Amino acid sequence: MDTNPQGQDLERIMKAYTSMINLLGKNSHWELALDALQGMPQRNLEANNATCSAAMSACARAKQWRHAVSLLHDMRVGTLRPNIISWSAAMSSCVRSSQWAAALQLLCKVQLEGPQPDTFCYNLAIAACEKGAQWRTAIVLIDLLAVKGAPDKVSYTSAISSCHKGAQWERALQLLASMHSRRLQADTMCYTALISACSASFHWENGLQALRDMTRWDILPNTFSYNAAVTACGRGSKWEAAIGIFREMSLVELVVDTVSYNAAMGACEKAATWQVATLLLRAIPGELEPNATSYNTTISACAKGGQWELVLELLEEMPARRLLLDTITYSSAITACERAARWEAAIFLLHEMPGRKLKPNAISYCAALGACRGRWREALELLDAMSSFRIAPSKIAYSEAVEACGLAQRWAEALVLHRALRSNAVRADAALYTELIRACEPSGRWAEALALLQEMHQLRVVPSSLTCCAAISACGRSSQWAEALTITAAMHSLRGELLAPNKVQDARERAMAVLLTSGHPAEALSLYREAAERGDAWIALNIPASEVHVIGRGESETEAPSALDLHGLSLEAAELAVWDALLRLPARPPSDLLVVTGRGLHSASGRSSIQANLLQLLNAELRLTSWAVPLNEGCIRIPARALRELRGSPRGSLRGPVQGLQGSQGSLRAARAPVPLVPLVPPPLWRREVSPLSSHGSLSRRLFRIWA
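Reading the values: rules and limits
- Residues numbered from 1 in each chain as written.
- Predicted model: local features only at pLDDT ≥ 70, side-chain atom pairs only at ≥ 80, totals over all residues.
- Heavy atoms only, no water.
- Helix = DSSP H or I, 4+ residues; strand = E, 2+ residues; numbered from the N terminus.
- Buried < 20%, exposed > 50% of the residue type's maximum accessible area, 1.4 Å probe, protein only.
- Contact = heavy atoms within 4.5 Å.
- Areas by Shrake-Rupley, 256 points an atom, 1.4 Å probe, with all protein chains shown as cover.
- Phe/Tyr/Trp six-rings, centres within 6.5 Å; stacked < 30°, edge-to-face > 60°.
- Lys NZ or Arg CZ within 6 Å of the ring centre and 35° of its normal.
- Salt bridge = Lys/Arg side-chain N within 4 Å of Asp/Glu carboxyl O.

Enquirer: What's the story with the overall build of the chain in this structure? I'm lost.
Expert: Of regular secondary structure, the chain possesses 34 helices and five strands. Residues classed as buried in the chain amount to 51% of the 708 residues present. A separation threshold of at least 6 residues defines the contact pool for the chain, and within that pool the share at least 24 residues apart is 68%. When the accessible surface of the chain is totalled, it reaches about 34000 Å², and 52% of it is carbon and sulfur.

Enquirer: Please clarify how the packing of aromatic side chains should be interpreted in this entry.
Expert: Here a ring pair, both rings aromatic, is described through the centre-centre distance and the interplanar angle of the planes. If you walk through the whole model with that rule in mind, you get one aromatic pair. On the numbers, 5.0 Å between centres and 70 degrees between planes, the contact of F246 with Y261 is edge-to-face. Here Y261 lies in helix 15 (residues 258-270) and F246 lies in helix 14 (residues 239-251), a separation of 15 residues in the sequence. For the pair shown, F246 and Y261 are each scored as buried. Over the face of the ring belonging to F202 we find R235, whose NZ or CZ atom lies 5.4 Å from the ring centre. Its guanidinium or amino end placed over the ring of W376, R410 lies 4.4 Å from that ring's centre, counting from NZ or CZ.

Enquirer: Is there a simple way to think about the pattern of salt bridges in this case?
Expert: Side-chain pairing between opposite charges can occur once the charged atoms of the two side chains come close. Enumeration over the complete set of coordinates arrives at 15 salt bridges. The shortest N-O distance in the salt bridge between E378 and R375 comes to 3.3 Å. Take E378: its relative accessible area is 17%, and that puts it in the buried class. Given a relative accessible area of 34%, R375 falls into the partly exposed group. E455 is paired through a salt bridge with R422; the nearest N and O atoms lie 3.4 Å apart. Taken as a pair, E455 in helix 26 (residues 446-458) and R422 in helix 24 (residues 411-423) lie far apart in primary sequence, 33 residues in all.

Okay, structure coming up:
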């Protein structure tokens, strides 16, 4: 070769060098491309913009962005002034390497040093922002490009894709509207990016609408568009819509790939429809081999459905298909065993992971701990084993272990775990304290429960309603009714969710049960009336009798019956409500009393246990004639005649330890003026058998002293 090429020979040799460097770059030989560029001076050749740009493109393909930027720097400090192609090649290397900050720096430098960047440079910067999920910067670049030039479809598509990464569906729609205002026709890629943005924002309706708009604008959706729409419906827990779109792909003769099946199975996994997910896995054709994601998604769906045996079958299939089991696979399988309370299988899978060179993570151990309900020894061993893998036990792990100890009535071990938690600088939350107090509850360790509540107060951890209920139950097992009342009263000073009446209902009812079992019916009735004075929504209400559907003839034709609604009350609170109503009766009750108990359709037996116990109380113990209303079995009717006989008996003087309750200032909510009802048929036709009384014994025997 001529050592001093000139003229046409020099131009031909430079083109050959540029082509050679480009060829090396396309074949991923970026180091040889740089060697060829650096060896040019030895052949009396001087590098130009074309050869340097080719070398930077070779580095870009290999994601060697630092070498590309270094070449650009050498050009800037040397005699060779880089052109816009050189700047673009350097920026492209930053985009391919997901170095959005470096790409933006190059854009700023080219604006300062020249030449002025064109639309392609801006598109590279916007694409870099898309990879880095910098949607705000991408929109700013779109606005700058609109001032200096004209953004094209590539600009908008990259900006909308950046909104997808940032879950900004509204911004994506605004960009699409701006695109239409510039009379730019959006293509399939643009709409696919919009659907993905709606999917990331959990707005499946907008994603589905975007898919339908493509047909309206004569834009053909491709497989990626449909996959994005299926994923959007899955994220919105609309698995039926996702399956519908998945089936539509075959109708429009689109290629259904493994990603399509995975997206459909993912939608089923979100909704825990394991049957459909399993069918989809089995329906994958032979030419589309299911991958690890397919099995992991199906295993997770089966885990949510508690199908642990099916999960183990799928787990065995994966090695046969030469699919690698990972930590996600095992964690989902262990979760399935947890939901089915199969602690042996959960621990076996956990111990199998190291044999497959997999390191269990915190999720795996927490799932295994959750499976060990009541198996306190195994739970403590798992908690100790976490340290061997250098996994710090989390609050969830401690909570699961404490719950296992609590179910086994090992309150001492639970408190030891609490001390270990504090020594590890893990801050316990209300949920963990609730489990600790629950562990003390079965053994009646009320002092320890109160100490834990005091500790929560010192650490400024706000107890939940479940925490207070557990503490009240612990006091109840030891007949510590005064402490139970103190906890109940303190709940009103707490902030947050405990202020809602539906949250304090359970705690109040447990306190009432504690008072009744402790032989303090007067205090229980006082607590009930206090709730009535506060206007708690769950308390028994006087309702217009016209709202109760009854048929028959009553004993009073001048006065309409009053009604008492017991829906949503526990057995203890319902009995107290009836007693409160009886205590408030005038000397000569003017009308019948309707007690609405409900039919018990949502109970395990399908019958109302409250109604059965109230009928036993009224008929057998108080000898107060009452019966279930025909055609409305969720209602008890007490005729006015029986009420007058009760009030006219010697027991009506209301002497005893709760004598002052009759004149209490608190009263139940006043009812609207009821409408007179048609009288009822005679009661003997409607007598029913009742179930045994509740475990705490007959309330009438404990309150009989009121009527003495």
